[in-house]
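Topology and contacts: notes
Here's the letter readout for the chains.
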Amino acid sequence: VTASAGTTPRVAVLGRGLAGAAAAWSAARHGASVASFGQAGLATQLSSGALDWLPWERQRGRPPVSLPPELIHFFDELGGYLLPTDASAIVATSSGVLREARAHDAHVLDLAALAPAPGLTVGPVLVPRVNRPGWDADSLAVSWSAERWALARKLEFVAVDADFGLLQSDALLPDADWASRLRDPGRLQHHLATVASCRARVPGASAMLAPAGFGLISADSAPEWARPGGEGGRGLPIGEVLSGPGGPAGARLSAALTRSLPPPIASAARLPVVPPVGGRFVLEVDGRDTEPFDSVVLAVGGVLSGGLELARTDPAAILSAIPRFHAPSFPGAWIGALSPAHEGAIELPPDDLRWGRDLRTSWLEAVGILHATESPQVLAARDTAIQGLFVAGDAAAGHSRTALLAVATGLEAGKHAAQRRAAGSRSG
Amino acid sequence: VNASSQGPTVASPPDHPTERATAAWGGTGADVDVVILGGGVNGAGVARDCALRGLRVALFERNDFAFGASGNSSGMIHGGPRYLTYDPSVTLSSCLDSGYIQDIAPHLLFRIPFLFPVAKSRIGRPMLELMDGFFEAYDRYQPLKRGKPHARLDADELRRLEPGLIGEMVGGMAFDEWGIDGPRLVMANIVDAIEHGANVQTHTTVEKIEREPSSDLQIVTSRDLLTGKATRTRCRVVVNATGAWAPLAATLAGLPQKAAPIRGGKGIHIVYDRRISNFAVVAQTVDGRQIFIYPWENTTVLGTTDDDYYGDLDNVNATADEVRYLEQAIAHMLPGIRDARAITTYAGVRPTLYAWGKNEDKLSREHEVLDHRVDGAAGIFSMVGGKLASYRIFAKEATDAVMTFLGRNEPCSTHRLPLPGGETRLDALSLATKLSIDAVSARRLVYRHGGRADSIFSHRTAASAHRPRPASAPNGRVVCACEPVLEAEVRHVVRHELARTVADVSRRTRLGLGACGGMRCALTCGRIVAEETGAPPIVGRAQAIRFLSTQAGRRAVALGPIQARQEALALASLRSEVGLDPSDDGSHS
């Protein structure tokens, strides 16, 4: 961080998840000098490989909106994600579900590209019998075939024997570790030969849907017909299913973010945000004050302890600086506003932290800090009482449990943060 | 008269007294001799006892086996030390029965050594002397249940045994009790009853009990809550073994609730993600009650409360204030509890004997068999009160009453004949080697199924014949990695232990009760249940989501705000994979 105050705006981004990365990227593009604090976020590592615009159950049946060019640009630079501009992808999950996704990890098989509309004849999708945790090819094939989207297209999923040379102990490897094994050329070669033999045994097969970790094939080393997201009719596209927390998609996304960000200044420090002095922010890192920043982007996620190791009282310090944020909300009711009047640690009555029973919308409701306004686009820029403090991603949540929204808010926050220089310098 | 004898009957063994009895009524053809309401430990115990004594038995359980108090207790087969001071005969019979249960189900019992620290105070010393004398008296009963004599410990010894203990202590006691997995005890009784001809139905509620006008028979109308199908069963005796539901069940026969009075006492437990003590440790609550913490498998269990309960019995949940009450009490002695993560809570309602004007803790844990002849309903009996440890003797007393009513006199043999799995011993390590499965899985299998653990795998092949399994998936495919539970066992409990939902499987196998709360296994389990029951995949998925939803609700009351946020994020991530609400029909374009 070399720029001197008054010439280049200094932006501190707290949090190194998707929102933080987007904010840092955006602030830098708008001419700011960016310092990044914290470590890769928990939410990012939980990425399943799908990128939704709205939480997916809310977007079902809606025509896809066009994505902001800046957002597409960000993902292009990050690499590894496919963002169809005018359609949704359909991805299979390891829970036996077919679901829409606005965009997806390039390793995940997009079924919509395979069978775009009912009425086309599409060959069966091969599901290899592989000894991986939670992977029961036969029952998954039955489950996917019974989904309405598949029935409408007469798309069948067929379990096939496939000897990928897995040892029994391989079943115990985490997905991400398993994925890295395919970097070995010998393994990769055997892998591809196995796919080819499956293809030969089921004439007319249209694709192969493999367990998480099987799609991690370097696009350069794979033959054309086997490349992820490859060629619909001519070849045999192979891709992964969407898997839950701990899958390779989260690891891939985290790795991509780490590559794209400047190295962190502090990874596990206590970082209380103190009220601005003279319109500028001083952070405390390892007991020492930093040089003042013109603006701060708070992108520490709905899981406040996820991006940063915060002391027990620190969430209170942060929250009390943002008087218009509310406590975690559960269906139907506000639990009550957290205001600066609350001193000390915030102890929410845990009785209120209960998932509603039999409420459609409430099953797994977000518990992030809920913003008073419902609009997903609203940023702290307009709403916080403190000028220069911006909030992005799930920390500004209530809505944002999706990667695309986290990025969109991050881009917006980074832009505003970078543009605040003049005001900050004047008052400083 | 002859026509009615062609009605539905269950074939009884030839030259069996039942046939003579049936003939004596003029051929009015009861379907069974006795209908039992309730699949808790008492209902299961009566079903087994009746079946072993040659009666034709039907049992209807409204939810699932061990759904209420039986499956949500501390799981102690104790010797009843609390009765020692005022009714030593109860202690004697408790210890005797604990010994019997060890004989018939040796695989299910495990020793729980207790530590009872005494804090330094004005009365600390005399207290220790009193306790020493008390446990010396209890020691005389311990051999009946293969218990070890107590030991008096000084403060240093206590700290050496249990380094996590804090505070000034004058010393304490070590004594010995036995623990058991409540649902497995119920299942063992149920399986034995089935093997002796009982017709057992879960998720089946009884809607009405009527006296047939022209005979002494009772007509029990029941309804399968999953399929909606109703059934009428004609029987001679009805046993209401519904625990805390007893007053409600009595009304089905037109009796007033107070004919089977219960004072339901709610008790909750909290389960933590790690073992924080070596022994069970007794602690005192803010209001002077005794609670305890004990290590169980990979976890720690803390319990329990005792509060009058008037809510919905089908839906009993721990609340956050109950959690705090227990945690604060144990944290005085074992502050390590604050660092452990609560992974679930569970709650049940004790069917305590009714009494007015007493504190919950002072209510009798005794039991009674009520003959509703006094209420004008001959042939209907209610079992009220009781505790897990006394189930066998309670079942014997109820079965004796049934036998007397039916004019029969076969003796009870439930203290002699082993429960399923208790017939033979099986070594877990050799099972693991033989089947090439994980040793921990094998040990859990042997714990739950005893000598029958290997038979779980023999069922597997036949039904999978239509569905070739990959050669790479041996017997030991793990469904639930936390506990760990094998696919073979999941299929076994659906086929042979009447599991019909994911929650049923969980109750029988502990699937989904580990650290991750079922997040990685509930859906797989749902697929297997759907496949085994011939239901479409969406049904299994909906069951899994209901299970996860219930588990999330049980965890939520024990989480602090920060952990709650992490939890919600994990659940939201799971939802992105699963993608539907419990009420969703799964339709999307």
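These numbers come from a predicted model, not from an experiment. Position numbers for residues start from 1 in each chain and track the written sequence from start to end. Written order determines the labels here, with chains lettered from A and ligands numbered from 1. For this predicted model, a pLDDT threshold of at least 70 governs which residues receive local features, and a threshold of 80 or more governs which side-chain atom pairs are given and counted, while totals over whole chains, interfaces and linings are taken from all residues. Side-chain numbers come from the whole structure's heavy atoms, not from hydrogens or water.

**Digging into the overall build of chain A**
We count a stretch as a helix when DSSP gives it H or I for four or more residues in a row; a strand needs E for two or more, and each element gets its number in order from the N terminus. When helices and strands are counted, chain A shows 15 helices and 17 strands. Burial status follows relative accessibility: with a 1.4 Å probe on protein chains alone, a residue under 20% of its type maximum counts as buried, one over 50% as exposed, and anything between as partly exposed. Looking at the 428 residues of chain A, the share that counts as buried comes to 58%. Here, residues are in contact when the closest pair of their heavy atoms is within 4.5 Å. In chain A, the proportion of contacts linking residues at least 24 apart, taken out of those at least 6 apart, comes to 72%. Calculation of accessible area relied on Shrake-Rupley with a 1.4 Å probe; when residues are assessed, cover is drawn exclusively from the protein chains displayed. Element-wise, carbon and sulfur atoms account for 53% of the exposed surface of chain A, whose accessible area totals about 16700 Å².

**Notes on the overall build of chain B**
Along the backbone of chain B there are 17 helices and 19 strands. The buried share of chain B, reckoned over its 589 residues, is 62%. Nonlocal contacts in chain B, meaning residues at least 24 apart in sequence, comprise 70% of its contacts between residues at least 6 apart. Element-wise, carbon and sulfur atoms account for 55% of the exposed surface of chain B, whose accessible area totals about 22500 Å².

**A look at the pairing of strand β3 (residues 109-119) of chain B**
All names here are of chain B. Of all eleven residues that make up β3, eight are buried, and the element is covered over most of its length. Here, a strand pair is defined by DSSP locating no fewer than two bridges between the strands. For β3 and strand β11 (residues 280-284), the ladder comprises two bridges, and the chain directions are parallel. Each residue of the ladder has a partner; that of L115, found in β11, is V281.

**A look at the sheet that holds strand β10 (residues 207-210) of chain A**
Residue and element names in this part refer to chain A. In space, the four strands of this open sheet follow the order β9-β8-β10-β11, with parallel pairing throughout. The sheet is open, and its two edges are formed by β9 (157-161) and β11 (238-240), each paired on a single side. The sheet shows a mean angle of 35° between the axes of neighbouring strands, direction not considered. Note that strand β8 (residues 125-129) and β9 share five bridges and pair parallel. Bridge assignment links L126 to a residue of β9, and that residue is V158. In this fold helix α6 (residues 137-145) packs onto β8, β9 and β10, with an angle of close to 165° to the strand it touches most, β9. Along the sheet, helix α9 (residues 185-201) makes contact with β8, β9, β10 and β11, crossing β9 at roughly 120°. Lines fitted to the C-alpha atoms define the axes, with helices restricted to the stretch that makes contact. Angles between their N-to-C directions range from 0 to 180 degrees.

**A closer look at the pattern of salt bridges**
Residue and element names in this part refer to chain B. Criterion for a salt bridge: a side-chain nitrogen of Lys or Arg within 4 Å of a carboxyl oxygen of Asp or Glu. Within this structure, the stated rule accounts for 50 salt bridges over all chains. The closest approach of N and O atoms between D308 and R263, which form a salt bridge, is 2.8 Å. In this pair, D308 is assigned in strand β14 (residues 307-308) and R263 in strand β10 (residues 262-272), connecting sequence segments 45 residues apart. In this structure, the salt-bridge partner of D400 is K396, at a minimum N-O distance of 3.1 Å. Taken together, the residues D400 and K396, both in helix α9 (residues 391-406) and four residues apart, mark about one turn of the helix. Within the structure, one salt-bridge network assembled from shared partners comprises R477, E487, R491, R495, E531 and E532.

**Here's the deal with unusual backbone geometry**
All names here are of chain B. A cis amide bond links G303 to the next residue, T304, at an omega of -5°. Looking along the chain, the bond that leaves E483 and enters P484 is cis, with omega of -15°. By secondary structure assignment, the location of P484 is in the loop between β18 (478-480) and β19 (485-486). With a phi close to 50°, E297 is a non-glycine residue in the positive phi region. Within the secondary structure, E297 is located in the loop between β12 (290-296) and β13 (299-303).

**Here's the deal with the environment of A558 of chain B**
Residues and elements named next belong to chain B. Considering the arrangement of structural elements, one finds A558 in the loop between α16 (537-556) and α17 (561-578). Between the alpha carbons of A558 and E322 there is a distance of 9.3 Å; along the sequence they are 236 residues apart. Setting aside anything within four residues of it in sequence, one finds A558 in contact with V323, A342 and T345.

**Remarks on a nonpolar patch on the surface**
Residue and element names in this part refer to chain B. Taken together, the side chains of L92, L96 and L144 define a hydrophobic patch exposed on the protein surface, amounting to about 210 Å² of accessible area. Looking at the secondary structure, you find L144 in the loop between α4 (124-139) and β4 (151-153). Residue classification places L144 among the partly exposed residues on the basis of a relative accessible area of 34%. Patch criteria: residues need more than 30% relative accessible area and no salt bridge. Like-charged residues are merged within 9 Å; nonpolar side chains of Val, Leu, Ile, Met, Phe, Trp and Tyr are merged within 5 Å.

**Here's the deal with the sheet that holds strand β14 (residues 295-298) of chain A**
All names here are of chain A. Here we have four strands laid out as an open sheet, ordered β2-β1-β14-β17, and parallel in their pairing. Either end of the sheet is taken by a strand with one partner, and the two such strands are β2 (33-37) and β17 (389-391). Taken pair by pair, the neighbouring strands of this sheet meet at an average axis angle of 20°, ignoring direction. Strand direction decides the pairing type here: strand β1 (residues 10-14) and β2, joined by five bridges, are parallel. When the bridges of β2 are listed, A12 appears paired with A35. Each of β1, β2 and β14 is contacted by helix α1 (residues 18-29), which is oriented at about 170° to β1, the strand it contacts most. The strands touched by helix α14 (residues 403-418) are β1, β14 and β17; relative to β17, the strand with the most contacts, the crossing angle is about 170°.

**Comments concerning the packing of aromatic side chains**
Residue and element names in this part refer to chain A. Aromatic pairs are defined between Phe, Tyr and Trp rings, using the six-membered ring for Trp, whenever the two ring centres lie within 6.5 Å; interplanar angles under 30 degrees are classed as stacked, those over 60 as edge-to-face, and all others as tilted. All chains considered together, the criterion is met by 17 aromatic pairs over all chains. Between the aromatic rings of W144 and F157, the centroid separation amounts to 5.6 Å while the plane-to-plane angle is 50°, which identifies the pairing as tilted. Taken together, the residues W144 in helix α6 and F157 in strand β9 connect sequence positions 13 residues apart. When sorted by exposure, W144 lands in the same class as F157, which is buried.

**Let's talk about the nonpolar core**
We define the nonpolar core as a collection of buried residues of types Ala, Val, Leu, Ile, Met, Phe, Trp, Tyr and Cys that are connected through side-chain atoms lying within 4.5 Å of one another. Grouped together as the largest cluster of nonpolar side chains are 71 residues, with contacts concentrated most on I36, V57, I77, I180, L185 and V239 of chain B. Among residues more than four places away in sequence, those in contact with I77 of chain B are S98, I101, L109, E177, W178, G179, I180, L185, L388 and A389 of chain B.

**Focus: the confidence of the model for chain B**
Residue and element names in this part refer to chain B. Per residue, pLDDT captures the predictor's confidence, and it can take any value from 0 to 100. Overall, the prediction assigns chain B a mean pLDDT of 88, with 89% of residues at 70 or greater. Taken as a whole, residues 1-27 scores under 50 in pLDDT and shows 30 contacts with residues more than four places along the chain or in a different chain. Counting interchain partners and residues more than four positions distant, the pLDDT-below-50 stretch residues 460-474 has 24 contacts. Here the predicted complex scores 0.83 on pTM and 0.75 on ipTM.

**Comments concerning the packing of helix α2 (residues 41-52) of chain B against α9 of chain B**
Residue and element names in this part refer to chain B. The geometry of α2 relative to α9 is characterised by a closest axis approach of 8 Å and an angle of 55° between their N-to-C directions. When the axis of α2 is compared with that of α9, the two are oblique. Pair α2 / α9 crosses with right-handed handedness. Side by side, α2 and α9 meet where V41, N42, G45, V46, D49 and C50 of the first sit next to Y391, F394, A395, K396, A398 and T399 of the second. Gly counts as polar in this scheme, as do all residues outside two lists: the nonpolar Ala, Val, Leu, Ile, Met, Phe, Trp, Tyr, Cys and Pro, and the charged Asp, Glu, Lys and Arg. Residues of the contact of α2 with α9, tallied by class, amount to seven nonpolar, three polar and two charged. In these notes the angle categories are as follows: under 35 degrees is roughly parallel, over 145 is roughly antiparallel, 65 to 115 is roughly perpendicular, and the rest is oblique. Handedness of a crossing follows from how the near helix is turned relative to the far one, being left-handed for an anticlockwise turn of less than a right angle and right-handed for a clockwise one.

**Notes on the environment of R373 of chain B**
Along the polypeptide, R373 of chain B turns up in the loop between β16 (367-371) and β17 (380-385). Those residues in contact with R373 of chain B, other than ones at most four positions away along the chain, are A378 and F405 of chain B.

**Quick look at the side chain of R184 of chain B**
Residues and elements named next belong to chain B. Here R184 shows up in helix α6 (residues 182-195). Polar contact criterion, stated in full: a pair of N or O atoms within 3.5 Å, where within protein one must be able to donate a hydrogen and the other to accept it, and residues adjacent in sequence count only if both atoms are side-chain atoms. A polar contact of 2.9 Å, which involves the side chain of R184, links it to the backbone oxygen of R508. Excluding anything up to four places from it in sequence, R184 contacts L108, R448, H449, E497 and R508.

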